[in-house]
Amino acid sequence: RGGRGMGWFEFTPDPAFAAELLRRGMERPTPQQQLSLARHGVGLTLLDELAAQGYARPSTEGLVRAGLNGPDLDELRAMGALGYRLGTLDALTRLHAGGVGPEFVRELAAVGYQGLSADDLLRLRSHGVDAEFARRAAAGLGRRVSVDALVALRAVGRGADPVDARPAAASSTPLAGR
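Only a predicted model underlies this, so the values are computations on that prediction, with no experimental measurement involved.

Draft legend 1. The arrangement of the side chain of glutamate 49 in detail. On the secondary structure map, glutamate 49 appears in helix 3 (residues 44-52). For glutamate 49, a relative accessible area of 16% gives the class buried. Apart from residues lying up to four places away in sequence, glutamate 49 is in contact with Leu73, Leu76 and Arg77.

What follows is the structure, given as C-alpha cells:
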C-alpha cells in the first residue's frame, strides 16, 4: 500500500559465522551484532580483504560500526588500489563517514592532488573543497595551490571563480579594491 509494507521475521544467528569470527581471533558477536552485520552485508569476504591489504584485525564492535557507516567491500578495494591502505578499519571508516571515497580521491588526483594524506582529504572534504574548486583556485593564481591555501580560500569564500583567487590589487583609497 503506497510502497509500504509491514511484517515480522525471526532472525537466527548463524553459529558457523560466529565460530569463524572466533577462529580469526575476534570476539563472538552477540545476536544483535550478528543481525546488524547481516543487515548491512558485512561478511567474511570483507575480513579477508582487510587481511589481504595488511589491515589490523578489527574488533567485532569495529566491524559492526563499519557496517553501519563504513566502506563496503568495493570501496575498500578501490581505496586500496588508489594507495589508501590505512592500517585500521576504523581509520577507513572515518574517511568514509567524512565523505571521502574513491571518486573524491580520483577527482582530486585528476587536477594534480595525488597522494594526499587521509587527514588532508578529510580537511578538504569537510571545508567543501572539491576538484573543481581546486582547479579554479589554481587557474586564478596561475599555479597549484597547497591544501592549506585551498582551505583558507574556501574559508573566506574565495576560489570559486579564478578572479576571486587572485590577491586584491593595492589601492590608494579605502573604498577601492575588495
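Draft legend 2. Examining the pattern of salt bridges more closely. With the rule as written, the count across this model stands at eleven salt bridges. Aspartate 120 is paired through a salt bridge with arginine 123; the nearest N and O atoms lie 3.7 Å apart. Here aspartate 120 and its partner arginine 123 are both found in helix 8 (residues 118-126), three residues apart, which amounts to about one turn of the helix. Assessed through its relative accessible area of 22%, aspartate 120 is described here as partly exposed. On the basis of relative accessible area, arginine 123 is assigned to the partly exposed category, the value being 28%. One salt-bridge network, held together by shared partners, links Glu20, Arg23, Arg24 and Asp48.

Draft legend 3. Examining the environment of valine 147 more closely. Along the chain, valine 147 turns up in helix 10 (residues 147-155). With residues up to four places along the chain from it excluded, the contact list for valine 147 reads Leu116, Asp120, Arg123 and Leu124.

Draft legend 4. Region of interest: the environment of glutamate 61. As for its position among the elements, glutamate 61 is in helix 4 (residues 60-69). The exposure class of glutamate 61 is partly exposed, given its relative accessible area of 38%. Reaching out from glutamate 61, the side chain makes a polar contact with the side chain of glutamine 33 at a distance of 3.0 Å.

Draft legend 5. Quick peek at helix 3. For helix 3, the complete set of buried residues consists of Leu46, Leu47, Glu49 and Leu50. The arc that holds every buried residue of helix 3, seen down its axis, measures 160°, which confines them to one face. Looking at helix 3, the residues exposed on the side facing more than 90 degrees away from the buried face are Ala51 and Ala52. Elements in contact with the buried residues of helix 3: helix 1 (15-23), helix 4, helix 5 (73-81) and helix 6 (89-97).

Draft legend 6. Examining the environment of alanine 109 more closely. Considering the arrangement of structural elements, one finds alanine 109 in helix 7 (residues 102-110). Separated by 22 residues in the primary sequence, alanine 109 and alanine 131 place their C-alpha atoms 8.3 Å from one another.

Here is what the cut-offs are and how they apply
- Residues numbered from 1 in each chain as written.
- Predicted model: local features only at pLDDT ≥ 70, side-chain atom pairs only at ≥ 80, totals over all residues.
- Heavy atoms only, no water.
- Helix = DSSP H or I, 4+ residues; strand = E, 2+ residues; numbered from the N terminus.
- Buried < 20%, exposed > 50% of the residue type's maximum accessible area, 1.4 Å probe, protein only.
- Contact = heavy atoms within 4.5 Å.
- Salt bridge = Lys/Arg side-chain N within 4 Å of Asp/Glu carboxyl O.
- Polar contact = N/O pair within 3.5 Å; in protein donor to acceptor, adjacent residues only side chain to side chain.
- Arc of directions from axis to C-beta.

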